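Chain by chain, the residues:
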Amino acid sequence: MNANPISRRAFMGGALAVGVVSQAHAQGFAGLGETADGFAPVTPGKRFVFPLDHGPHPEFRIEWWYVTANLVDPAGTAHGVQWTLFRQAMRAGAQLEGWANQQIWMGHAAVTRADIHRYAETFARGGVGQAGVETSPFVGWIDAWEMRGLDGFNADKVAPLKLSATGADFSYELRLDAERALVLQGDRGYSMKSDRGQASYYYSQPFFKAAGRIVIDGKPVNVTGQAWMDREWSSQPLASDQTGWDWFSLHLPNDEKLMLYRLRQKDGKSNLFGNWIEPDGRSSEIAASDNSIRPTAFTEIGDRKVPTAWRVEIPARGVKIETRPLNARSWMGTGFSYWEGPISFAGSHAGVGYLELTGY
Amino acid sequence: MLEVTGLRKSYRSAGEDIAVLRGVNLAVAAGESVALTGESGSGKSTLLHLIAGLDAADGGEIVLDGVSLSNLGEAGRAALRRDRLGLVFQQFNLIPSLMVSDNLTFQSRIAGRHDPKWHDELVQRLGLAQLLKRYPEQLSGGQQQRVAIGRALAPKPLLLLADEPTGNLDEETADEVLALARDLVARTGCGFLMVTHSARLAALLDRQVNLHAGVIA
Amino acid sequence: MSRALWTLAVLLSHWRRHPMQLATLLIGLISATALWSGVQALNQQARNAYDRAAATFGGTRTAMLVSRDSTSFPQHLFVDLRRAGWPVSPVVEGRLQIGGRPFRLLGIEPVTLPGEVSTAPVIGRTDLQSFVTPPGEMLVAPETLADLGLKEGERPSSNGGVLLPPLRVQAQLVPGVLVVDIGMAQQILKMPDQISRVLIGKSSARRAPLESIAGDRLRLVEPNAETDLERLTDSFHLNLTAFGLLSFFVGLFIVNSAIGLAFEQRLPMLRTLRACGVSARMLNSVLVAELVSLALVAGLVGLMCGYVIAAALLPDVAASLRGLYGAQIPGQLTLKGEWWLAGIAISILGALAAAAASLAKAIRMPVLSSAQPQAWQQAQRRWLVFQSAAALAAFAVAGGFLWFGDSLLSGFAVLAALMLGAALILPMILEIALALGQRNAGRPVSIWFWADSRQQLPGLSLALMALLLALAVNVGVGTMVESFSRTFLVWLDGRLAADVYVNAASDAQASGIKTWLRGRSEVQAILPGGRADAQLAGMPIEVLGLPDQATFRDNWPLLESRSDGWDRLRAGDTCFASEQLSRRLKLAIGDRIEVPAPGGNWPLEIVGIYADYGNPKGQVAVNFAALTRHFPEVPQTRFGLRVPPPAVPALIAELQQKFGLDDRSVADQTTVKAESKRIFNRTFSVTSALNTFTLGVAGVALLTSLLTLANSRLPQLAPLWAIGLTRQRLARIELLKTMAVALITSLFALPLGLLVAWCLLAVVNVKAFGWRLPFQVFPLQLVELLGVALAAALLAALLPVIRLARMQPASLIRIFVNER
């Protein structure tokens, strides 16, 4: 498992076909990087249509619905919540009925406090109803976990939503509201992952206001805060020499948002991508040059050394911030393990966000 | 070297205590040979067994080479027998499943005092060279008793104790065996205490003591 | 250390001079260890197989949900459960034939399969994509692959003509099971959107109440550490274990007598060693060390022999377990390390137990005083009385278990107490018999004959007890097997009443064959047959359809029934119940049951009980037409024909040619019967083999006892020789004496054996298999066994007697002199 550079989002799907639990091999993930054999390609200039694009795109190999939330309880204690639904196709081709269906679904859920990090995962085959996403009415589910459109659901805002998940020792239920439309990432939703053509379709809803309840060890607390949804799908999202990534979603003051990620390569080089989102939802890509992210502190988790504190510099936007994890041990020890947890930052800007670190 | 003082021992038989030894005093010096005589049932063998530590006295003291037997436990008395005493019985008491050579050496080996040169000398002096590969049942009584004497003297004991060693032998053989024993005792310089009811044989030793009515006269 | 080694060397020298004694001791230990560990190896092998079976997705190690009243339920319930938070995984199970062989087909869902469900968690998960993606994979045990005669990657076809997924070997699987993805299993078994059960993972997340999801349709089956197979086969293994234990104890008898003699002979040596300065503690430690080393050596050899025995018996054990319980045991013996350790341990413990008395004697031994035989004999007499009292107590215990007990274990307890009591009372019986003989004897030599026999008893009694037990068990098991055999053959005649049996590949082919047969004049009747699976009181049962035909009326093995039973069966609201079912559920004639059927529950009144030997499942027999009304899906591919015997071969040949049927699909009565008998015979071959082993060990025990006794008895014979009895005459008398006690023992063993047989038939079998067999006595068999026993005794007595007859007068003289 530790030799496994599998990560969130794109990576996750690639390994699913190889084996559901702990059997994943780097070759499987590398295989994903080679060809898109039979799957639909990701090309620039796609027109997004909602609610249709909130639903699954089985002609693409992988896809996810990903929500992270930075929350506080009445006493001011910070909490983080993660809800993720992954889909991956084992084979291309027309969708088959019943157990013959090619889709495998995986759910990850977590709650994080400064002193606690709890997570759960679950798996399902497509075709029988154990997991899936439907657009009208909008609902994504796996087992008892749900992301469900509520009355007055607006497809352009993907809101309001009810989000729920239950693990062995935690559960949560959140209501997500948004006043603004979702935001296309990358170049109008076309998100390049390497200069060799790897790319994905990618949009977000970074403006969610969240309210609800978290139960840890049977003790419920009410929480409020902000949440961020990522939607992404692709057939070939990574180049074969890319080993992992460091991903930030930051809620800046004045309702500005920043999405930033660095893809690391085997040779030690890395590429930085990102979008700056204005309060009105206008999104512009951040140039790869001039900007930098650098780890400033590491946390040892098992035999891994994970960079959990960072310095982020974007001179053109006047950004120079230091990020700190709410809980440096926010390790997702799931079948494919990675670090994912709430962070706070200070410096030129102050606020909260989420950090994901894969391939460590 | 051996000093017995005030030794008492009684046995229980048919509901009453019979005092066999009633305060025996006896001393044997190094290099001295002593014959212990007395009529049947006088307690000669009992005294010998007590000295050998095969049985425990009711009172009195046995001091061998400065060590008091009453201060020793079973293991201590066994060690004393093993290292300091040689025992010869009327019934020879050889180990039937061991050949003569092994019967000769096993006590000295168990005692950790095996001396090959002394062993060879014993074999020569006892005239056992031709019999080493035989088993006890293939030997005559005199031959068996010569092996028993050899076994007892192999660890070079301080004191050789013999209980009617010639009781099972004819007169001629008995004389021959006793002569050998005396010869070897003289050679090693150890003490020799022999129980016998034969006045003729007793007379061959340095000193004679008679046990009568539980005391040494 | 060297002191201990020298002492050990002196002790060991005894064996060099008495190799026969050493051999006896080792033979006793080896045979005890060998039979015990051989039986353990068989049991372990079977248990491993059950574990593998249990590990096969939804054995009873996992909690699961099953349909309350059917063998399957709709798949959407699985999804509903998952969406309500239940960590469940679906399983489809069914039977499938490949090349005429039956297999259990399991459809699993690897993505949700809880990791803890299987002791082999990698099954089905190593390569998810190739497992679930057409053509998929069919996982089989290596043994199954060999059975099928196919290679990995090949695709067999089922008897229904379905092309199955490519084979792949999974070593953890149990033989006879095919594992495929659930979707493929549903297709192969024609169970679309149906599942047999869901397994419940251990996740403790909150879940909705079962009733709110599935109403009352599903039933929770709690996990059970003991598997179904373990429960079913308990009796069989108990049986094996009982034999293993018996042999073990008989072996220990040998060890005991050999060690006893050796210690007795070595007492002077031990005294000399003590006199020469070996402390008591050292001597005792070395004695124990000597014994342990001997046990270690014997244990190792015994284990090897045990392995050979187990390997030799395994095919029969496997056949028995398959025939009786449908349990699949691999034919290759694999043993865990614990087995070796346990075998060595049992050998050492057995040796120490057998030597306990002798060791205690040596430890308490004073250096000076000598043994007093007279006091010892008095102790022996007290012991005899004490033993007899213990025997009576054991008989009382046996009676108590018989009266109050209601389980298989109590059945075996009856047997054990009975045999223990008989063994304990044997010396007293012999004593009384010999005393009677002595009282009636007139001439001095014959008085001496009886008196000396009595004196010999204590030394022989252990060996005679061994002989008694071995004989009694032989009589008991022999009578049981013979009773079963007779009953079984009569029963087989009743069950296999048709002359020809046909098993068509499909309903369509079946109706084609029937149409063709109707045009044949030699076919007197076509007897349709059919069988449906159902559940009763939570247990799987079979519902058998009987056509309303004279053939069945005349032959069906009814044990009891209403006089109008067959007539009432026709109406379709009555049934016959199998003996097993009626015993298990305590059903009697006149009771009513409800059998779940696709169209709703089917109420049936029981109007008869019939024998259904060898069927692990309960069964009810109903009218065939009624069966097809209530179970429309029942395949009608099997049927029997009434044909005059001379016309059978020609008809079968024509059927085979015309419809392409193979030997498995069409067979005449003789063939089917022969096959059944073959399976039956194998079932008891293990019992018989162990039986023979036990008798053999008892013979060795007798031989060794006599050998050791012969040596110690020479002093008693020497004076007789001295006063003028010839050696030959002495030898003859010795032989006669041995044969006399052996005969008395054997005569006592016969009624005991019959009692054992009765226990086996009326108590153990009923509990173990669910049927009771009529108790029959087979006098010829008894005479035969008596002969064997006496022959064994003769053989055992001959060697020492010959030695006596040939003994040099000089030896006798020496003994006479030495023992003075």
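Residues numbered from 1 in each chain as written. Chains lettered and ligands numbered in written order. Predicted model: local features only at pLDDT ≥ 70, side-chain atom pairs only at ≥ 80, totals over all residues.

Trainee: Give me the overall build of chain B: which residues, what numbers.
Mentor: A count of helices and strands for chain B gives 7 helices and 10 strands. Looking at the 217 residues of chain B, the share that counts as buried comes to 47%. Pairs at least 24 apart in sequence give 75% of the contacts found in chain B among residues at least 6 apart. (Helix = DSSP H or I, 4+ residues; strand = E, 2+ residues; numbered from the N terminus. Buried ≥ 20, exposed ≤ 12 C-beta atoms within 10 Å, placed from the backbone. Contact = placed C-beta atoms within 7 Å.)

Trainee: Go over the pairing of strand β4 (residues 101-108) of chain C, please, and point to the residues and values.
Mentor: Residues and elements named next belong to chain C. As defined by bridge partners, strand β3 (residues 88-98) adjoins β4 across 8 bridges and the pair is classed as antiparallel. Bridging from a neighbouring strand, Q97 pairs with P102 of β4. What sits between β3 and β4 in their antiparallel hairpin is a turn of 2 residues, with G99 showing a positive phi close to 55°. As defined by bridge partners, β4 adjoins strand β7 (residues 177-181) across 5 bridges and the pair is classed as parallel. In the strand pairing of β7, L105 is matched with L178. (Pairing = 2+ DSSP bridges.)

Trainee: An account of the interface of chain A and chain C is needed here, citing residue identities and associated values.
Mentor: Often, the extent of an interface is quoted as the loss of accessible area upon association of its parts. If you look at the interface, chain A gives 24 residues, while chain C gives 24 residues. With 3 residues, the top contributor of residues to the side of chain A that touches chain C is strand β4 (residues 116-125) of chain A.

Trainee: Lay out helix α6 (residues 171-188) of chain B in plain terms, naming residues and giving numbers.
Mentor: Residue and element names in this part refer to chain B. Taking 1.5 Å per residue, 18 residues should reach 26 Å; α6 reaches 26 Å between its end C-alpha atoms and fits that length. Looking at α6, one finds that the buried residues are A174, V177, L178, A181, L184 and V185. One face of α6 carries all of its buried residues, which in axial projection span an arc of 130°. The outward face of α6, more than 90 degrees from its buried face, is lined by the exposed residues E172, A179, D183 and A186. In the core, the buried residues of α6 are packed alongside β3 (33-37), α4 (116-126), α5 (141-153), β7 (159-163), β8 (191-195) and α7 (199-202). (Expected span 1.5 Å × (residues − 1). Arc of directions from axis to C-beta.)

Trainee: Lay out the confidence of the model for chain B with the relevant residues and their values.
Mentor: For chain B, mean pLDDT is 89; residues scoring 70 or higher make up 100% of the total. As a predicted assembly, this complex carries a pTM of 0.62 together with an ipTM value of 0.91. (pLDDT = per-residue confidence, 0-100.)

Trainee: Can you break down the interface of chain C and chain B residue by residue, with the values?
Mentor: Each partner contributes to the interface: chain C provides 19 residues, whereas chain B provides 21 residues. For the side of chain C that touches chain B, the secondary-structure elements that each account for two or more residues are α1 (2-17), α8 (228-275) and α9 (280-325) of chain C. Broken down by element, the side of chain C that touches chain B gets its largest block of residues, 8 residues, from α1 of chain C. When grouped by side-chain class, the residues that make up the side of chain C that touches chain B number 9 nonpolar, 6 polar and 4 charged. (Nonpolar A, V, L, I, M, F, W, Y, C, P; charged D, E, K, R; others polar.)

Trainee: Pulling in residues and values, what's your account of the packing of helix α3 (residues 100-111) of chain B against α5 of chain B?
Mentor: Residue and element names in this part refer to chain B. Here α3 crosses α5 at 30°, and the two axes come no closer than 6 Å. Between α3 and α5, the interaxial angle falls into the category roughly parallel. Read as a crossing pair, α3 and α5 show a hand that is right-handed. Counted together, V100, N103, L104 and Q107 of α3 and V147, G150 and R151 of α5 form the full contact between these two elements. (Axes fitted to C-alpha atoms, helices over the stretch in contact; angles between N-to-C directions. Parallel < 35°, antiparallel > 145°, perpendicular 65-115°, else oblique. Left-handed = near helix turned anticlockwise from the far one by under 90°.)

Trainee: Just give me the short version of the confidence of the model for chain A, but keep the residues and values in it.
Mentor: Mean pLDDT over chain A: 86, with 90% of residues reaching 70 or higher. Considering only residues more than four positions removed or in separate chains, one finds that residues 1-35 of chain A, a stretch of pLDDT under 50, has 90 contacts.

Trainee: Can you break down the sheet that holds strand β11 (residues 500-503) of chain C residue by residue, with the values?
Mentor: Residues and elements named next belong to chain C. In spatial order, the strands read β12-β20-β11-β21; together these 4 strands make up an open sheet with antiparallel pairing. Where the open sheet ends on each side, the last strands, each with one partner, are β12 (525-528) and β21 (666-668). Neighbour to neighbour, the strand axes of the sheet diverge by 20° on average, direction disregarded. Where β12 and strand β20 (residues 638-642) come together, 4 bridges link them in antiparallel fashion.

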